[in-house]
Amino acid sequence: MKLLENKVAIITGASSGIGRATARLFAEQGAAVIINARGAAALEDVASAIRQAGGRVHTVVGDVGIEETHARLTEVAMTIFGGLDIAVNNAGAVGAMKPLAEISVEEWDHVIAANLTSAFLGVRSQIPAMLKRGGGSVVFISSFVGTSAGIPGMAAYGTSKAALMGLVKGITADYAVKGIRANALLPGGVDTPMAGDAAQKEWAAGLHAMKRIAEPEELAQAALFLSSPMSSFVAGSALFADGGNAAVK
Ligand SMILES: NC(=O)c1ccc[n+]([C@@H]2O[C@H](COP(=O)([O-])OP(=O)(O)OC[C@H]3O[C@@H](n4cnc5c(N)ncnc54)[C@H](OP(=O)(O)O)[C@@H]3O)[C@@H](O)[C@H]2O)c1
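Residues numbered from 1 in each chain as written. Predicted model: local features only at pLDDT ≥ 70, side-chain atom pairs only at ≥ 80, totals over all residues. Heavy atoms only, no water.

- Looking at an unreviewed UniProt entry, one finds the protein named SDR family oxidoreductase and attributed to Rhizobium oryzihabitans.
- If you open the UniProt record of the protein and go to Sequence similarities (unreviewed entry), you find "Belongs to the short-chain dehydrogenases/reductases (SDR) family." (UniProt positions renumbered as here; feature names shortened; annotations may be inferred.)

Laid out in structure tokens, this is it:
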């Protein structure tokens, strides 16, 4: 049985890493996927691979920090695929790695816009569409950095990722009764370009009890759980997929 048969899913930041793995897995599991990133070429490569595997996919190129990108994503869901059931708000940015007092206002605003305001703009567009179908599932890709004891140089990033839990709780309070489930997925280090060079990946691996970082596909599986009927009573939650992160627990 395919877990997402007849479902329609938006996945932002889907030309690389966790978003790409999620788009592929969701399409394999029967969903029509609307995928997004700023760069068109890499996004089209992902779409081609999904089509070749028999999946249904549409691309929307645009920055998730801009409201219009989300309007276009939702419009494609509604007009081409007939509605919206799932949104994985995944796109994000680490920003400049600096001690807090050295972060400029512009650098702060950039990280908050990329990770937090983008998620707010996403759900503002996604929730009304989901309500027309009688509910849906929203997943935010947060980070273990949002709840850990603090990682040097990552104050803005950690703050933005921690704040996503506020969105999860707020959406749950407002819309769970109407069938919308909102949850956050908190990855530990994941083997993607965002995780940095080999030395940075080794450092991240050392933070986790498993002493390794994840493959993007392992996060896609967790996102699938949160997006599918398998998690029908899971709402307002944080799911850690962090290999047992010693800095958190
Ligand atoms: N990798 C890790 O260790 C790790 C750990 C914890 C949490 N996370 C979180 O997981 C999420 C995905 O990260 P990843 O590691 O998979 O990163 P990645 O491999 O670098 O991929 C990032 C994706 O997001 C897109 N993107 C970036 N900024 C965007 C924007 N403003 N608008 C639209 N698309 C944008 C990128 O394409 P374009 O550049 O073409 O737009 C790309 O498709 C992020 O929210 C990140 O904070 C990652």
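Considering the environment of P229
Here comes step 1: Counting through the fold element by element, P229 comes out in the loop between α7 (216-227) and β7 (237-241).
Here comes step 2: Overall, the relative accessible area of 52% leaves P229 in the exposed class. (Helix = DSSP H or I, 4+ residues; strand = E, 2+ residues; numbered from the N terminus. Buried < 20%, exposed > 50% of the residue type's maximum accessible area, 1.4 Å probe, protein only.)

As for helix α3 (residues 67-81)
Here comes step 1: The end-to-end C-alpha distance of α3, which contains 15 residues, comes to 21 Å, matching closely the 21 Å that a straight helix rising 1.5 Å per residue would cover.
Here comes step 2: Burial in α3 covers these residues: T69, H70, L73, T74, V76, A77 and F81. Angular distribution of buried residues about the axis of α3 spans 150°; they occupy a single face of the element.
Here comes step 3: Packed against the buried residues of α3 are β1 (8-11), β2 (32-37), β3 (56-61) and α4 (105-132).
Here comes step 4: Positioned one or two residues after α3, G82 has a phi angle of 85°, which is positive. (Expected span 1.5 Å × (residues − 1). Arc of directions from axis to C-beta. Contact = heavy atoms within 4.5 Å.)

Details of the side chain of N115
Here comes step 1: Inspection of the secondary structure puts N115 in helix α4.
Here comes step 2: On the basis of relative accessible area, N115 is assigned to the buried category, the value being 3%.
Here comes step 3: Only 2.8 Å separates the side chain of N115 from the backbone nitrogen of A93, close enough to count as a polar contact.
Here comes step 4: When residues no more than four places from it in sequence are discounted, the contact partners of N115 are A91, G92, A93, Y157, S160, K161 and L164. (Polar contact = N/O pair within 3.5 Å; in protein donor to acceptor, adjacent residues only side chain to side chain.)

Observations concerning the pairing of strand β5 (residues 136-141)
Here comes step 1: By the criterion of burial, β5 is predominantly enclosed, with six of the six residues buried.
Here comes step 2: Side chains G136, V138 and F140 of β5 all project onto a buried face; the interleaved residues S137, V139 and I141 project onto the opposite face, where all are buried too.
Here comes step 3: Sheet analysis places strand β4 (residues 86-89) next to β5, joined by four bridges and oriented parallel. Note that in β5 the partner of V88 across the bridge is V139. (Pairing = 2+ DSSP bridges.)

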